[in-house]
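# Structural characterization, general
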Amino acid sequence: MLGSKSGFQKRIKEVSPNVKGIHCMIQGHEALLWVSKGNVVNRVFELWGELKLFLEIQGKNDLVSHLNMVLWEPRLAYLAGIFQQLNRLNLKLQGEERNVFHLMDCLRGFLAKLQNWRSKVGAGNVAMSENLSAVLDEDENSLLDPLLKTEITQHLKSLESELNMYFPEFEEEEGKLVRNPFCGILDVTTIPSEVQDEFLDLKHDSAAKDLCEEKSVNVFWCSMHHSYPKVNADG
């Protein structure tokens, strides 16, 4: 199908002899690799020229007409960039020794970036998307289309709302004991009465405090399981 002598590759070279490389976008392990990495949109953006040429040779004029739309490429560039950002966030939320504090820190950071990006795009600044910046730089006007600006700001706002809905804000007061039981501002009266005595023993255990400073939250509390079972269970 993609043979160099009688297939698609031969037809590509006949139409565009200067093409240096031809990627398999129809079948094969490479296509499966794109899906597994979550980089499908980015790969389509990278191979936009080849994809367009492929559709032209196949006579898919209706699809080619979509690719030729003024905002098609910058829209694709934006989506490729935002999917890359989401993929990075997804990887940060995975791995060993992850806990609710780490997850919330990552999400808060990403939400703050969404707000910052929305503000920048509103001012016509698309530095947050390398792909979109590159596309606009190729344009003589090098300006963000007003319609695309509105679409991007609305999408970023919608994405922020979705993340807030799926990941409600975590109350810091509820996690103070777990994050750092040696914190000076931690009020003992906020801890259940039956746990307070054991908590005070822990708070004044210098060896435990040193361990808390050296180890992760997960490792620390696993180490305290036998010494301070009530505090461990309450945390």
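Everything here concerns the structure above.
What comes next concerns the included structure. (Residues numbered from 1 in each chain as written. Predicted model: local features only at pLDDT ≥ 70, side-chain atom pairs only at ≥ 80, totals over all residues. Heavy atoms only, no water.)

## Notes on the overall build of the protein
Counting secondary structure elements, the protein contains 14 helices and zero strands. Order of helices (α) and strands (β) in the protein, N terminus to C terminus: α-α-α-α-α-α-α-α-α-α-α-α-α-α. Considering the protein as a whole, with its 235 residues, one finds that 31% of them fall into the buried category. Restricting the contact set of the protein to residue pairs at least 6 apart, pairs at least 24 apart contribute 60%. Roughly 14800 Å² of accessible area belongs to the protein as shown, and the carbon and sulfur atoms make up 53% of that amount. (Helix = DSSP H or I, 4+ residues; strand = E, 2+ residues; numbered from the N terminus. Buried < 20%, exposed > 50% of the residue type's maximum accessible area, 1.4 Å probe, protein only. Contact = heavy atoms within 4.5 Å. Areas by Shrake-Rupley, 256 points an atom, 1.4 Å probe, with all protein chains shown as cover.)

## A closer look at the nonpolar core
With 32 residues, the main nonpolar core has Leu114, Leu132 and Leu156 as its most contacted residues. Of all the elements in the fold, those that place two or more residues in this core are helix 4 (48–57), helix 5 (61–67), helix 6 (72–92), helix 7 (100–122), helix 8 (130–138) and helix 9 (146–166). Setting aside its immediate chain neighbours within four residues, Leu114 contacts Leu156, Leu159, Glu160 and Leu163. Among the nonpolar cores identified, the runner-up in size contains 16 residues, and Phe101, Phe182, Trp221 and Met224 belong to it. (Core = buried A, V, L, I, M, F, W, Y, C linked by side-chain atoms within 4.5 Å.)

## Observations concerning the pattern of salt bridges
Inspection of the entire model under this criterion finds four salt bridges. For Glu46, the salt bridge is made with Arg43, and the minimal N-O distance between the two is 2.6 Å. Linking Glu46 with Arg43, this pair stays in helix 3 (residues 40–46), spanning three residues, or about one helical turn. Residues Glu160 and Arg118 are paired through a salt bridge, measuring 3.1 Å at the closest nitrogen-oxygen approach. Taken together, the positions of Glu160 in helix 9 and Arg118 in helix 7 put the pair 42 residues apart, joining distant regions of the chain. The partly exposed category is assigned to Arg118, whose relative accessible area is 27%. (Salt bridge = Lys/Arg side-chain N within 4 Å of Asp/Glu carboxyl O.)

## Things to note about the packing of helix 6 against helix 8
Axis separation between helix 6 and helix 8 bottoms out at 7 Å; the angle between their running directions is 160°. Regarding the angle of helix 6 to helix 8, the classification is roughly antiparallel. The residues of helix 8 that touch helix 6, namely those facing Glu73, Pro74, Ala77, Tyr78, Ala80, Gly81 and Gln84, are Asn131, Leu132 and Val135. Counted by class, the contact of helix 6 with helix 8 contains six nonpolar, three polar and one charged residues. (Axes fitted to C-alpha atoms, helices over the stretch in contact; angles between N-to-C directions. Parallel < 35°, antiparallel > 145°, perpendicular 65-115°, else oblique. Nonpolar A, V, L, I, M, F, W, Y, C, P; charged D, E, K, R; others polar.)

## Comments concerning the packing of helix 7 against helix 9
Contact geometry of helix 7 with helix 9 gives a least axis separation of 9 Å together with a crossing angle of 165°. Judged on the interaxial angle alone, helix 9 and helix 7 are roughly antiparallel. At the point where helix 7 passes helix 9, the crossing takes the left-handed sense. Each of Phe110, Leu111, Leu114, Gln115, Trp117, Arg118, Val121 and Gly122 in helix 7 lies in contact with helix 9, whose residues at this interface are Lys149, Ile152, Thr153, Leu156, Lys157, Leu159, Glu160, Leu163 and Asn164. Residue composition of the contact of helix 7 with helix 9, by class: nine nonpolar, four polar and four charged. (Left-handed = near helix turned anticlockwise from the far one by under 90°.)

## Describing a nonpolar patch on the surface
There is a patch of nonpolar side chains on the surface, built from Met165, Tyr166 and Phe167 and spanning about 360 Å² of accessible area. Note that Met165 resides in helix 9. Accessibility expressed as a relative area gives 52% for Met165, which makes it exposed. (Patch = residues over 30% accessible without salt bridge, like charges linked within 9 Å, V, L, I, M, F, W, Y side chains within 5 Å.)

## Examining the environment of Gly49
Mapping Gly49 onto the fold places it in helix 4. Residues Gly49 and Leu67 lie 18 residues apart in sequence; the distance between their C-alpha atoms is 9.6 Å.

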